[in-house]
Amino acid sequence: MTSNQALADWVREVAALTQPEKIHWCDGSQAEYDALIADMLQSGTLIELDPETRPRSYLHRSDPSDVARTEHLTFVCTPERDDAGPNNQWLSPADAHARMDALFAGAMRGRTLYVVPYCMGPIDSPLARCGVEITDSPYVAASMRIMTRMGAPALRRIEREGSFVRGLHSLGDLHPERRFIMHFPHELSIQSIGSGYGGNALLGKKCHALRIASYQARQEGWLAEHMLIMGIEDPQGRLHYIAAAFPSACGKTNMAMLIPPQEYQGWKVKTIGDDIAWLHVGEDGRLWAINPEAGFFGVAPGTSRHTNANAVDMLQHDTIFTNVALTEDGRPWWEGLSDETPAYDWQGRPYDPANGPAAHPNSRFTVAARQCASWSDAAERPSGVPITAIIFGGRRASLAPLVLEAKNWQHGVLLGASMASETTAAATGQVGVVRRDPMAMQPFCGYHFGDYWAHWLATGARLSQAPGIYQVNWFRRDAERRFLWPGYGENLRVLKWIIERCQGSIDAQETPVGNLPLHGDIDLTGLDVSHEHMRQLTHIEPQDWLSEMDEVASFLHGYGPRVPQALHEERERVSQGLRQQASG
Ligand code: GTP
Ligand code: SPV
Ligand code: MN
């Protein structure tokens, strides 16, 4: 099936261990996709949606215990424990392999083993990387065709290049006690069993393009980040590319395909990516980004014509929905979409509000990126796009202002490293508790955070035209828990300020924690945001920030001697400035 001997041998070994009934090598063709869908309709893995209004679209209901990433079952298995860092769970490679071999033994009996070659990034880009996922889930094989460049061209590239990331996946018995997601970055391999959920099972995504890739990127001098990439064209026709890291379910997809508000005629937004960016230092000293993915695996709840019309439009056909609710006439439904009442909830029960939300809070859509009206040709460019600004954002009801500018790259790395955000339904566990999520990479960095921050600092030193670094927060709330800022399309007003700062065309107010917009520089024309709310959104309270910086200090110290001294010094400078301000 392939001229790559290592790949052929690996498939044979895996088949001997897992005992599948059949082996299918995926070519990525439409006919193959159609056959996968037909099989899943027959087995009940997929339900067909109303073909009149939602052509070629399907609903998948997962096992109710398997609806989100499971960070407590995710491990980075480096030979040295300390290389994985306190940010990861660790097992020795030998222990992890022994445990996984036992779980994979016979796991594919009676099932088809799919060999899924894929390419992360434009197929002819030198920055792209390939992998092969072996899976016994047709849902995973079909989703990989939407989310990556999957099939024959990827296999040809693997045969040309030789090396590829090996991902082994089985649904196993879906029991949470026999669910593990193991990474062996030094072997360029991943093993995942017991879950069919996106981030646990579509191994090209978080496992390869973030955990394994971040480890490779550090060795090779680039960055693999949990970031959207977007282009913003101003009325003068100038194009500005922005990369933004927000934690899971904190607004990347929405920002990547933002629709400018009415007052912003002449502004255009182009989508390059909504979840992952691979960033390289160019020969010109700028930072260049590619999106390794080819599709969106996006959060359904909250998506509506009012908040994200581009998404609603792209979801009208050729989409796989997971764990959404259904209307009586077979259309997908979720909280926030409309004021209709659905007929069935995400588990297929007649809808009863007493059972909780109709759609699972982490219900998702899987759709090809080219279906999005704002999708940009630049996403296919082998060289990527040059980045003007990097944005870090979180979901914080208090403290963090609407927008803040880093004083320089090193201060920007501190802003990223000290990010905190309320947890969301994208991972199992409690929702709404503030936790540190440096660079939105807490669940995804495949090595020690101390080394990672050092790598960020070293990367900045290689950039002669480094992007500006910013922090945003769309999620500040008032005493009644209402959002202070309207968000969504209106966020362009903040992005405009960021672009103007990068161009050097406006001033800002300097504070110890960073630079804030001057009064009136965030345009509020046509918006219903009171003067008092705007003051709260752009105000730094020195006492509160002093406590925050104390927490940041102990957080950084928790990572031990690998944390770069420069980061501690930068934090101390901020604290000192705040102390002066508080006493003056
Ligand atoms: P992952 O796919 O998990 O990495 O998430 P993401 O960062 O792409 O998040 P997404 O854009 O899907 O948004 C998650 C949730 O936040 C959705 O329910 C959105 O409706 C909501 N959201 C996004 N942007 C905003 C905003 O500007 N303001 C408010 N209030 N909510 C937002
Ligand atoms: C996230 O949780 O950040 C996601 C969804 O983008 S998953 O691919 O499942 O990780
Ligand atoms: Mn994500």
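Criteria and cut-off values
One numbering rule holds for all chains: residues counted from 1, following each sequence as written. The order in which chains are written sets their letters, starting at A; the order in which ligands are written sets their numbers, starting at 1. Predicted model: local features are reported for residues with pLDDT of at least 70 only, side-chain atom pairs are reported and counted for 80 or more only, and whole-chain, interface and lining totals are derived from all residues. In computing side-chain properties, one takes all heavy atoms of the structure into account and sets aside hydrogens as well as water. UniProt positions are given in the numbering used here, feature names are shortened, and annotations may be inferred rather than shown by experiment. In this text, helices come from DSSP runs of H or I with a minimum length of four residues, and strands from runs of E with a minimum of two, each type numbered from the N-terminal end. C-alpha atoms define the radius of gyration in this analysis, and the globule rule sets the expected value at 2.2 Å times the number of residues to the power 0.38. Burial status follows relative accessibility: with a 1.4 Å probe on protein chains alone, a residue under 20% of its type maximum counts as buried, one over 50% as exposed, and anything between as partly exposed. As defined here, a cavity is a set of points on a 1 Å grid over the protein atoms alone where a 1.4 Å probe fits but cannot get out. A pocket is an open set with protein on both sides within 12 Å along at least five of seven lines, and residues line them when an atom is within 4 Å of a point. Grid points are joined across faces, edges and corners, and a volume is the space filled by probe spheres set on the points. Each residue is assigned to one of three groups, with Ala, Val, Leu, Ile, Met, Phe, Trp, Tyr, Cys and Pro labelled nonpolar, Asp, Glu, Lys and Arg labelled charged, and all others, Gly among them, labelled polar. Axis geometry follows a simple rule: fit a line to the C-alpha atoms, using only the stretch in contact for helices, then measure angles between N-to-C directions, giving values from 0 to 180 degrees. The labels follow the angle: roughly parallel below 35 degrees, roughly antiparallel above 145, roughly perpendicular from 65 to 115, and oblique for the rest. Helix crossings get a hand from a simple test, with the near helix turned counterclockwise from the far one by less than a right angle marking a left-handed crossing and a clockwise turn marking a right-handed one. Throughout, a residue-residue contact means that at least one pair of heavy atoms, one from each residue, lies within 4.5 Å. Residues are classed as near a molecule or strand on a simple rule: at least one heavy atom within 4 Å of it. Polar contact is the term for a pair of N or O atoms within 3.5 Å; when the atoms are in protein, one must be able to donate a hydrogen and the other to accept it, and sequence-neighboring residues count only if both atoms are side-chain atoms. What sets the accessible areas is the Shrake-Rupley method with a 1.4 Å probe; for residues, cover comes only from the shown protein chains. In this scheme, a molecule is assigned to a cavity or pocket if more than half of its atoms are within 2 Å of the grid points. Segmentation of the chain into domains, including their bounds, is taken from an automatic or database domain assignment. Buried area, as used here, totals the accessible surface that two parts lose on assembly, with accessibility defined by a 1.4 Å probe and the loss added over both. A pair is scored as a salt bridge if a Lys or Arg side-chain nitrogen falls within 4 Å of a carboxyl oxygen belonging to Asp or Glu.

- In the nomenclature of an unreviewed UniProt entry, the protein is known as Phosphoenolpyruvate carboxykinase [GTP] of Immundisolibacter cernigliae.
- Note on the protein: under the UniProt heading Catalytic activity (unreviewed entry), the record states "oxaloacetate + GTP = phosphoenolpyruvate + GDP + CO2".
- Of the comments in the UniProt record for the protein, the one headed Sequence similarities (unreviewed entry) reads "Belongs to the phosphoenolpyruvate carboxykinase [GTP] family."

A look at the overall build of the protein
Link 1 in the chain: In terms of regular secondary structure, the protein is built from 16 helices and 28 strands.
Link 2 in the chain: In terms of C-alpha radius of gyration, the protein reaches 23 Å, essentially the compact-globule figure of 25 Å for 584 residues.
Link 3 in the chain: If you line up the protein on its principal axes, its C-alpha atoms span 75 × 55 × 45 Å.
Link 4 in the chain: Sorting the 584 residues of the protein into buried and exposed places 63% on the buried side.

A closer look at unusual backbone geometry
Link 1 in the chain: The backbone of Arg-56 shows a phi angle near 50 degrees, a positive value even though the residue is not glycine.
Link 2 in the chain: Tracing the backbone shows Arg-56 in the loop between β2 (47-48) and β3 (58-60).
Link 3 in the chain: Under the relative-accessibility criterion, Arg-56 is labelled partly exposed at 46%.
Link 4 in the chain: Unusually for a residue other than glycine, Tyr-488 sits at a positive phi of about 50 degrees.
Link 5 in the chain: By the secondary structure assignment, Tyr-488 is in the loop between β26 (468-472) and α13 (492-503).

As for the layout of surface pockets
Link 1 in the chain: Here the largest pocket is characterised by a volume of approximately 980 Å³.
Link 2 in the chain: Looking at the largest pocket, it is lined by 45 residues, and the ones nearest its centre are Ala-249, Cys-250, Val-299, Pro-301 and Arg-395.
Link 3 in the chain: Looking at the lining of the largest pocket, the elements that each hand over two or more residues are α8 (204-220), α9 (252-256), β17 (295-299) and β21 (364-368).
Link 4 in the chain: When residues in the lining of the largest pocket are grouped by element, the largest group, 4 residues, is from α9.
Link 5 in the chain: When its residues are assigned to classes, the lining of the largest pocket shows 19 nonpolar, 16 polar and 10 charged.
Link 6 in the chain: Considered as a void within the structure, the second largest pocket measures approximately 630 Å³ in volume.
Link 7 in the chain: Met-40, Thr-45, Asp-136, Ser-137 and Pro-138 are, among the 32 residues lining the second largest pocket, the residues nearest its centre.
Link 8 in the chain: Among the elements of the structure, β1 (22-25), α2 (30-43), β3, β5 (112-120) and α5 (138-147) are those that each provide at least two residues to the lining of the second largest pocket.
Link 9 in the chain: When residues in the lining of the second largest pocket are grouped by element, the largest group, 7 residues, is from α2.
Link 10 in the chain: For the lining of the second largest pocket, the per-class residue count stands at 12 nonpolar, 11 polar and 9 charged.

Details of the packing of helix α11 (residues 409-417) against helix α12 (residues 449-461)
Link 1 in the chain: Packing of α11 against α12 leaves a shortest axis separation of 10 Å and a crossing angle of 150 degrees. Classified by the interaxial angle, the pair formed by α11 and α12 is roughly antiparallel. Where α11 crosses over α12, the handedness of that crossing is right-handed. Residues Trp-409, Gln-410, Val-413 and Ala-417 of α11 pack against Trp-453, Trp-456, Leu-457 and Gly-460 of α12.

Topic: the site of ligand 1
Link 1 in the chain: Taken together, 22 residues surround ligand 1, and among them Ala-249, Lys-252, Thr-253, Asn-254 and Tyr-488 come closest.
Link 2 in the chain: Cys-250 places a main-chain nitrogen or oxygen 3.3 Å from an oxygen atom of ligand 1.
Link 3 in the chain: The separation between an oxygen atom of ligand 1 and a polar main-chain atom of Gly-251 is 2.9 Å.
Link 4 in the chain: The fraction of the free accessible surface of ligand 1 (660 Å²) that becomes covered by protein chains is 93%.
Link 5 in the chain: According to the grid-proximity analysis, the pocket containing ligand 1 is the largest pocket.
Link 6 in the chain: Of all the secondary structure elements, the ones that give two or more residues to the shell around ligand 1 are α9 and β17.
Link 7 in the chain: Looking at the shell around ligand 1, the element that brings in the most residues is α9, giving 3 residues.
Link 8 in the chain: Residue composition of the shell around ligand 1, grouped by class: 10 nonpolar, 8 polar and 4 charged.
Link 9 in the chain: Residue-level mapping places the shell around ligand 1 at the junction of two domains, with at least three residues from each of domain 2 (225-295 + 377-579) and domain 3 (296-367).

Points about the UniProt feature "domain: Phosphoenolpyruvate carboxykinase GTP-utilising N-terminal" (unreviewed entry) in the protein
Link 1 in the chain: According to UniProt, the feature "domain: Phosphoenolpyruvate carboxykinase GTP-utilising N-terminal" (unreviewed entry) maps to residues 9-218 in the numbering used here.
Link 2 in the chain: End C-alpha to end C-alpha, residues 9-218 measures 29 Å, and it is 38% helix and 22% strand.

Details of the UniProt feature "domain: Phosphoenolpyruvate carboxykinase C-terminal P-loop" (unreviewed entry) in the protein
Link 1 in the chain: The feature "domain: Phosphoenolpyruvate carboxykinase C-terminal P-loop" (unreviewed entry), as given by UniProt, occupies residues 222-575 in the numbering adopted here.
Link 2 in the chain: Annotated as residues 222-575, this span is 22% helix and 23% strand, and its ends, taken at the C-alpha atoms, are 31 Å apart.

Concerning the domain arrangement of the protein
Link 1 in the chain: Per the domain assignment, the segments making up the protein are domain 1 (5-45 + 69-220), domain 2 (225-295 + 377-579) and domain 3 (296-367).
Link 2 in the chain: Each partner contributes residues to the interface: domain 2 has 12 residues there, and domain 3 has 15 residues.
Link 3 in the chain: For the domain 2 and domain 3 pair, buried surface summed over both sides reaches about 1,000 Å², with 62% attributable to carbon and sulfur atoms.
Link 4 in the chain: Across the domain 2-domain 3 interface, the total number found is 0 salt bridges.
Link 5 in the chain: Residue composition of the side of domain 2 that touches domain 3, by class: 7 nonpolar, 4 polar and 1 charged.

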